[in-house]
Every structure is written in structure tokens, then in C-alpha cells.
Amino acid sequence: MANHMNAAKNKPVGKSLLGGAMIIAGTTVGAGMFSLPVVGSGMWFGYSILMLLGIWFCMLMSGLLLLETNLHFEPGASFDTLTKETLGQFWRIVNGVSIAFVLYILTYAYISGGGSIVNHSLQGMGVELPQSVAGLVFAVVLACIVLISTKAVDRITTIMLGGMIITFFLAIGNLLIEIDVTKLLEPDGNQRFIPYLWAALPFGLASFGYHGNVPSLVKYYGKDASTIIKAIFVGTFIALIIYVCWLVATMGNIPRSQFSEIIAQGGNMGVLVGALSKVIESSWLNSMLTLFANLAVASSFLGVTLGLFDYLADLFGFDDSRSGRMKTAIVTFVPPTVFGLLFPDGFLIAIGFAALAATVWAVIVPALMAYKSRQQFPNSQGFRVFGGTPLIILVVLYGVVTGACHLLAMANLLPQFS
């Protein structure tokens, strides 16, 4: 009876499981999904699905290991606090640098992807812009929203998420109806598949990043571990289903050999959407697909840059006045925008680098924190992830292997489909 009463006290009233699941799903699904068909084209559909299932499991476990550590501290404790209290100052610095790097490199990735999809949209209206200029326009317009206020980002993102859901199901629903099963099961061209899996691992990891929201869920739900676990599971599972549908829709409509052309053109968002547009007969549904791509990259950009904006404001001590926000905006947006102008087709490369840094703060550090917290709180009767130390070792190995695969791919030591 006492345990039930304590659980009731720890669970805030009126906070539904669905809300937490949508936070996780909304954070997980973003513009990074456009990289999955391109990097998965080498191993093709079957192995891409197996890879996603394995990555989903490992990223789910790393999130739960982070939750296990988080529940030893008061709700509201940040990722920074958890790292400092469990692993010490060195890992706190390493973790902080990796988070900042991920936010910066993703900002650049979305400027690159945004420029690509904006350019594709303008071409449909008969307007031609250099992609670097399109990326600049994309960055400036959305940076102004972040500069105005967090409330502006909140309202615009809510509208965008609603539009994303509608346009996704309209466009993808049609593509799913039109799939050619032989394209999925009997791909043409090079018949080597498994060797291409390794270079794709980092992109799968980058597609399941939600770990920054775990402390937020603990703050939101209190120490109601059961609800938070369900929210993380349901949210990441929704993302997995969306990714599977996306792979079916793309690989079931675009032949494997045609992905060679997409990769040769940089593999950016606009190139992939352009290839899909050719197989959609309805101009209206074509517009829905293009609109979905625009909303996906814009909402991802706003979510990432708001986090980076707040992180840098705190780091440099800039206040929330007009001049303070302007200083923060300069530090936040100028570096990635300059890179976007110089290297407009770096979307896939940037997503890979984001995954490299994410192996530290979203995989390895949560596993190490859970291991350390079990030593610090040996008599704890709270939530503990199943599997003991072997599971922790599995998660760390997954992070190390994924990071190594990215470095080996960069050095051209892994086979990459082209």
C-alpha cells in the first residue's frame, strides 16, 4: 500500500503517456530520415530494415540507461549535472563538447538540406537559384524566428508538425500504394549487399537521437519510471515505423541503380525528392511531398538551433535582452551559415559527423553513467535496466563500432555504394 501511495505522489496529475511519446517521436523523426534511403541503397531493403531494428534496440537501451541514472537525482537535473556527478569533470567536458558539436554540425546539415529542398521547390515554380544562396535565404528566415523568442519557435514548430503529419501521410500513402515489390526484393545492379552495411551505421544512429529529452521527461513526469519507459518505447517505435514506411516508399519506387545517380549528385534532400517526384503522377501529391520535405527540414532546424541558441547563451553569459539575443544569434548562426555557403552539398557528410559525436553523448556516456551509478547507489530499489553489465558492454561496443565505422568510411577503408 505504501509503495502505491509513493508512486501516486511521484506521478503528476494530468500528464498523459501520449504527450511524452509525441515529444520523443517528434524529436527523433526529422530531416535526417532523408539520408536513410541514400545510405541504405547499397545494402538495400532487407538489410536496411535489419540494421534499423538493431539500432533502434541499442538506442532504446542507451536511453533507458540514461533514465536509470537520471532517476537517482532530483527531477530537473540536466545532462551536464548527471555527467559531472557520476563520471567527473573530464567526461563532463567531453560530453559538453560533443553536444555542442552535434548541434552545430546539425545546424549546418539542415542549412545544406534546406538550401537543397528550397532550390528544388523554386525550380518547380520556374525560379533558379544557386544552392548556396537558397541555403542562405533558408537560414536567415528561420534564424529570425529563433531570434524573436522561444514562444515564436514553439508556435511555428507546432504548426509545422501538424503540416508534416498531414503531408507525410498524403504523399507517403500514395507512394506506398504505388510500390513495385520486385524493386524491394529483387534489386538490380551490383549484387553485393552486406559490405555496405558498415558505412551506413552512423546514419542510422543519427536517426534515433532523442536522449536530450530524457531529463526533460523526468522533470515533466517526476520519478514515474513506468510512464517514462513507456513514452520512450512508444515514441521510438513510432519513429521506427515511420522509417520503415519511408524505406518501403522510396526503395519500392526508385530502382537501386538510380540511387547511384542520386549519390553522384551529392545525395542531398532535393535530389532524392526530385527522383521521387518523377514517379508520382499527381502534381498535387508531388506538391505534398515537396511541402513535407520543406517542413521536415525547417522544423528540425528550429528545434536544433533553439537548443544551440540557449546552450551558447548560457555558456557565454549573454542575457535575454535584444542586444544579448543578437550576440547569441551571431555566435549560433554565422559559423554554420558560412559553411553552408562554402559547402552547399554537405548534408550527408554532416549527418555522419553528427553521428560520430552522438556516439559519445547519446550512447557511450549514458552506458558509463549507468555503470557508475550502480556503484554509487548499490542499495537502490528504483528502476534498473535489464541485462546487467553485459547489456552495458553491448551498448558501449555499439557506440565504439559505429564511431569506428564513420572514421573508416571517411578514410575510404569501407565499401560505399556509388
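In the block above lies the structure referred to throughout.
Criteria and cut-off values
Counting of residues starts from 1 at the beginning of each chain's written sequence and follows it residue by residue. For a predicted model such as this one, the threshold for reporting local features is a pLDDT of at least 70, and the threshold for listing and counting side-chain atom pairs is 80 or more; totals across whole chains, interfaces and linings nevertheless cover every residue. As a rule here, side-chain values cover all heavy atoms of the structure and leave hydrogens and water aside. Segments assigned H or I by DSSP are reported as helices when at least four residues long, segments assigned E as strands when at least two residues long, and all are numbered from the N terminus. To get the radius of gyration, use the C-alpha atoms; to get the globule rule, take the number of residues to the power 0.38 and multiply by 2.2 Å. In this description, contact between two residues means that some pair of their heavy atoms is separated by no more than 4.5 Å. To be clear on the numbers: accessible area is Shrake-Rupley with a 1.4 Å probe, and residue cover counts the displayed protein chains and nothing else. The charge count includes Lys and Arg as positive and Asp and Glu as negative, but it does not include His or the ends of the chains. By convention, the charge on Lys lies at NZ, on Arg at CZ, on Asp at CG and on Glu at CD. Here the expected length of a helix is defined as 1.5 Å per residue gap, with one fewer gap than residues. To sort residues, take the accessible area from a 1.4 Å probe on protein chains only and compare it with the maximum for the residue type: under 20% means buried, over 50% means exposed, and anything in between is partly exposed. What counts as an axis is a line fitted to C-alpha atoms, over the stretch in contact for a helix, and the angles between N-to-C directions run from 0 to 180 degrees. Working definition: roughly parallel below 35 degrees, roughly antiparallel above 145 degrees, roughly perpendicular at 65 to 115 degrees, and oblique for all remaining angles. In this scheme the handedness of a crossing depends on how the near helix is turned from the far one: anticlockwise by less than a right angle means left-handed, clockwise means right-handed. For this classification, Asp, Glu, Lys and Arg are treated as charged, while Ala, Val, Leu, Ile, Met, Phe, Trp, Tyr, Cys and Pro are nonpolar and the rest, including Gly, are polar. One speaks of a salt bridge when a side-chain nitrogen belonging to Lys or Arg is within 4 Å of a carboxyl oxygen belonging to Asp or Glu. For our purposes a nonpolar core is just a set of buried Ala, Val, Leu, Ile, Met, Phe, Trp, Tyr and Cys residues, chained together by side-chain atoms within 4.5 Å. Pairing of aromatic side chains here covers Phe, Tyr and the six-membered ring of Trp, requires ring centres within 6.5 Å, and sorts the geometry by plane angle: under 30 degrees stacked, over 60 edge-to-face, intermediate tilted.

1. Side note on the overall build of the protein chain
And step 1. In terms of regular secondary structure, the protein chain is built from 18 helices and zero strands.
And step 2. In terms of overall dimensions, the protein chain is globule-like: its C-alpha atoms have a radius of gyration of 21 Å, near the 22 Å expected for 418 residues.
And step 3. If you line up the protein chain on its principal axes, its C-alpha atoms span 65 × 55 × 45 Å.
And step 4. Across the protein chain, every contact between residues at least 6 apart in sequence was considered, and the portion connecting residues at least 24 apart equals 85%.
And step 5. Accessible area for the protein chain stands at about 18,200 Å²; split by element, carbon and sulfur atoms hold 68% of it.
And step 6. Separation between the mean location of the 20 positive side-chain charges and that of the 18 negative ones in the protein chain comes to 11 Å.

2. Details of the side chain of asparagine 174
And step 1. When you line up the elements, asparagine 174 lands in helix H8 (residues 150–177).
And step 2. Aside from chain neighbours lying at most four places away, what touches asparagine 174 is Ile280 and Leu285.

3. Examining helix H4 (residues 44–70)
And step 1. Compared with an ideal rise of 1.5 Å per residue, which puts 27 residues at 39 Å, H4 spans 38 Å between its outermost C-alpha atoms and is within 8% of the ideal.
And step 2. Burial within H4 is extensive, with 21 of its 27 residues counted as buried.

4. Focus: unusual backbone geometry
And step 1. With a phi angle near 65°, tryptophan 44 is a residue other than glycine that sits in the positive phi range.
And step 2. Along the chain, the position of tryptophan 44 falls in helix H4.
And step 3. The backbone of asparagine 412 sits at a positive phi, close to 60°, despite the residue not being glycine.
And step 4. Within the secondary structure, asparagine 412 is located in the segment after helix H18 (388–410).

5. Observations concerning the packing of helix H6 (residues 89–124) against helix H17 (residues 347–376)
A pair of packed helices can be characterised by two numbers: the angle between their axes and the separation between those axes.
And step 1. Contact pair H6 / H17: the axes reach a minimum separation of 8 Å and the direction vectors enclose 155°. By the angle between their axes, H6 is roughly antiparallel relative to H17. Two packed elements cross with a definite hand, and for H6 against H17 that hand is left-handed.
And step 2. When its residues are assigned to classes, the contact of H6 with H17 shows 21 nonpolar, four polar and no charged.

6. Observations regarding the environment of cysteine 405
And step 1. For cysteine 405, the position within the fold is in helix H18.
And step 2. Classification of cysteine 405 by relative accessible area gives buried; the value is 6%.
And step 3. Each C-alpha atom of the pair cysteine 405 and leucine 356 lies 9.1 Å from the other, and the pair is 49 residues apart in sequence.
And step 4. Contacts of cysteine 405, omitting those with residues within four sequence positions, involve Trp198, Leu201 and Leu414.

7. Brief notes about the pattern of salt bridges
And step 1. Scanning all chains against the criterion turns up four salt bridges.
And step 2. Residue aspartate 320 is joined to arginine 325 by a salt bridge in which the shortest nitrogen-to-oxygen separation is 2.7 Å.
And step 3. Look at aspartate 320 and you get exposed, because its relative accessible area is 61%.

8. A word on the nonpolar core
And step 1. In this structure, Met33, Phe34, Phe208 and Ile232 are the most contacted members of the largest nonpolar core, which totals 137 residues.
And step 2. In terms of residues, this core owes the most to one element, helix H15 (residues 283–316), which gives 16 residues.
And step 3. Ignoring any residue separated from it by four or fewer positions in sequence, one finds phenylalanine 34 in contact with Trp246, Met269, Leu272, Val273, Phe292, Ala293, Ala296 and Phe347.

9. Remarks on the packing of aromatic side chains
And step 1. Scanning the entire structure with this criterion turns up 19 aromatic pairs.
And step 2. Taking 5.8 Å as the distance between ring centres and 80° as the angle between the ring planes, the aromatic pair formed by phenylalanine 90 and tryptophan 91 counts as edge-to-face.
And step 3. Given a relative accessible area of 26%, tryptophan 91 falls into the partly exposed group.
And step 4. Look at tyrosine 196 and phenylalanine 417: their rings are 5.7 Å apart centre to centre, the planes differ by 80°, and that puts the pair in the edge-to-face class. Placement of tyrosine 196 in the loop between helix H9 (181–185) and helix H10 (197–206) and of phenylalanine 417 in the segment after H18 is noted, with a sequence separation of 221 residues between them. Pair check on accessibility: tyrosine 196 and phenylalanine 417 agree, each one buried.
And step 5. Aromatic rings pair up to connect Phe34, Phe168, Phe169, Trp246 and Phe292 into one cluster.

10. Here we look at the side chain of serine 35
And step 1. Relative to the elements of secondary structure, serine 35 occurs in the loop between helix H2 (17–28) and helix H3 (36–39).
And step 2. On the basis of relative accessible area, serine 35 is assigned to the buried category, the value being 0%.
And step 3. Ignoring any residue separated from it by four or fewer positions in sequence, one finds serine 35 in contact with Phe203, Phe347, Leu348 and Ile351.

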